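One letter stands for each residue in the lines below.
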Amino acid sequence: ISGLAVAADVLWGLPSDARAGVSLIYVNGVEFDPDGDGEDVKLGSDLSVLGTVEFLVPAGRTTDLALRASGGIVLLFPDDDLQDAVDELGQACDEVEADGVSCTHDEGPFLGWSVAGGVGVIFQLENLALRADLLLQYVGDLRMNTIEFSSPGDSIELANLYEGTRTWVMIGVELGAD
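Numbering of residues starts from 1 in every chain and runs along the sequence as written. The predicted origin of the model limits local features to residues at a pLDDT of at least 70 and limits the giving and counting of side-chain atom pairs to 80 or more, whereas totals for whole chains, interfaces and linings rest on all residues. By convention in this description, side-chain values take in all heavy atoms of the structure and omit both hydrogens and water.

1. Some words on a negative patch on the surface
Formally: Residues qualify for a patch when their relative accessible area is over 30% and they have no salt bridge, like charges being joined within 9 Å and the nonpolar side chains of Val, Leu, Ile, Met, Phe, Trp and Tyr within 5 Å. For every accessible area listed, the method is Shrake-Rupley and the probe measures 1.4 Å; residues are considered covered only by the protein chains on display. Salt bridge, as used here, is a side-chain nitrogen of Lys or Arg placed within 4 Å of a carboxyl oxygen of Asp or Glu. All tallies of charge rest on Lys and Arg as positive and Asp and Glu as negative; His and the ends of each chain are not included. Note that the charge is assigned to NZ on lysines, CZ on arginines, CG on aspartates and CD on glutamates. Put simply, DSSP H or I for four residues or longer makes a helix, DSSP E for two residues or longer makes a strand, and each gets a number counted from the N terminus.
Taken together, the side chains of Asp79, Asp80, Asp81, Asp84, Asp87, Glu88, Asp106 and Glu107 present a region of like negative charge at the surface. Of note, Asp106 is situated in the loop between strand S5 (102-105) and strand S6 (110-124).

2. Remarks on the nonpolar core
A general trend in soluble globular proteins is that nonpolar side chains are found buried together. Convention followed: The nonpolar core is taken to be a set of buried Ala, Val, Leu, Ile, Met, Phe, Trp, Tyr and Cys residues, with the residues joined through side-chain atoms within 4.5 Å. Exposure classes here rest on a 1.4 Å probe applied to the protein chains alone. A residue is buried below 20% of its type maximum, exposed above 50%, and partly exposed in between. Any two residues whose heavy atoms approach within 4.5 Å at even a single point are treated as in contact.
Among the nonpolar cores identified, the biggest contains 17 residues, and Ile25, Leu76 and Phe110 are the most heavily contacted of them. Of all the secondary-structure elements, those providing two or more residues to this core are strand S2 (18-32), strand S3 (41-58), strand S4 (63-78), helix H1 (80-97), S6, strand S7 (128-151) and strand S8 (154-175). For this core, the element with the highest residue contribution is S7, accounting for four residues. Dropping the residues within four chain positions of it, Ile25 is found in contact with Ala5, Val6, Ala7, Asp46, Leu47, Ser48, Leu50, Leu135, Trp168 and Met170.

3. What to know about the pattern of salt bridges
This model, assessed by the stated rule, comprises nine salt bridges. As a salt-bridge pair, Arg68 and Asp9 come within 2.8 Å of each other at their nearest N and O atoms. Here Arg68 is found in strand S4, whereas its partner Asp9 is found in strand S1 (residues 5-14), with 59 residues between them in sequence. The class for Arg68 is buried, based on a relative accessible area of 13%. Note that Arg68 and Glu54 form a salt bridge whose closest N and O atoms lie 2.9 Å from each other. Of this pair, Arg68 sits in strand S4 while Glu54 sits in strand S3, and the two are 14 residues apart along the sequence. Assigned by exposure class, Arg68 and Glu54 land together as buried.

4. A short note on a nonpolar patch on the surface
On the surface, Val53, Phe55, Val57, Leu65, Leu67, Val119, Leu134 and Val169 cluster together into a nonpolar patch covering about 660 Å² of accessible area. Of all elements in the fold, only S3 and S4 reach the threshold of two or more residues within the nonpolar patch. Considering each element in turn, the nonpolar patch owes the most residues, three residues, to S3. Relative to the assigned elements, Val53 resides in strand S3.

5. Let's talk about H1
Just so we agree on the cut-off: Helix span, as expected, comes to 1.5 Å for every residue beyond the first. The directions from the helix axis to the C-beta atoms are what the arc is built from.
Over its 18 residues, H1 runs 26 Å from end to end, which matches the ideal 26 Å to within 8%, given 1.5 Å per residue. If you check which residues of H1 are buried, you get Leu82, Val86, Leu89, Gly90 and Cys93. All buried residues of H1 project into a common sector of 100° when viewed along the axis, lining one side. Among the exposed residues of H1, those pointing more than 90 degrees away from its buried face are Glu88, Asp94 and Glu95.

6. A few points about the layout of surface pockets
Where we set the bar: Lining residues are defined by having an atom within 4 Å of a point belonging to a cavity or pocket. Those points lie on a 1 Å grid over the protein atoms alone, cavities being sets where a 1.4 Å probe fits but cannot get out and pockets being open sets with protein on both sides within 12 Å along at least five of seven lines. Grid points are joined across faces, edges and corners, and a volume is the space filled by probe spheres set on the points. Throughout this entry, Asp, Glu, Lys and Arg are counted as charged residues, while Ala, Val, Leu, Ile, Met, Phe, Trp, Tyr, Cys and Pro are counted as nonpolar. The remaining residues, Gly among them, count as polar.
Counted as a void, the largest pocket has a volume near 770 Å³. If you trace the largest pocket, you find 33 residues lining it, with Asp9, Leu11, Arg19, Arg131 and Glu174 closest to the centre. Elements represented by at least two residues in the lining of the largest pocket include exactly S1, S2, S3, S4, S6, S7 and S8. For the lining of the largest pocket, a count of residues per class yields 17 nonpolar, seven polar and nine charged.

7. Considerations on the state of the cysteines
The line we're drawing: Two cysteine sulfurs form what is called a disulfide whenever their separation falls within 2.5 Å.
This structure, assessed with the given rule, holds one disulfide. Covalently, Cys93 is tied to Cys103 through a disulfide, its sulfur atoms 1.9 Å apart. On the S-S bond that ties Cys93 to Cys103, the torsion sits near -55°, and the link is left-handed. In this pair, Cys93 sits in helix H1 while Cys103 sits in strand S5, placing the two residues 10 residues apart along the sequence.

Okay, here's the thing in structure tokens:
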């Protein structure tokens, strides 16, 4: 479950009604229910930085369909429940280091990868365009709360790995539209 997102694209025109560029999606209030019991875990906020290609299909005199594909990285900035878990890992490291065991842990932001695809409708106005999109985003290999213990001749690394999909219904305005 994600909170309200703010997104921005910077796309350049390519031949054959195609565009390519960078998409940013910032989400505040990322939550999920890890065991399906109705208790959401609050993770913090995330930023997706995606390379995007979009193909425009004319659907009328002032209307286009947009088919989009994106791929890139996701950065998760811990807060709330996840920040509490990060702090607990720091305390665990402090405790084992007092016993002579080396310990490191990741405090974030946490890095993962993402791919997305979607379809949209663009309504051309005089100097701008209105658009509505449906986007499906997959986030993979987002490693959170990584902790590594090591002593002479032995080491162990533990991490929580998150992956999942989210569906976006996006509405927006295109500036600089033809």
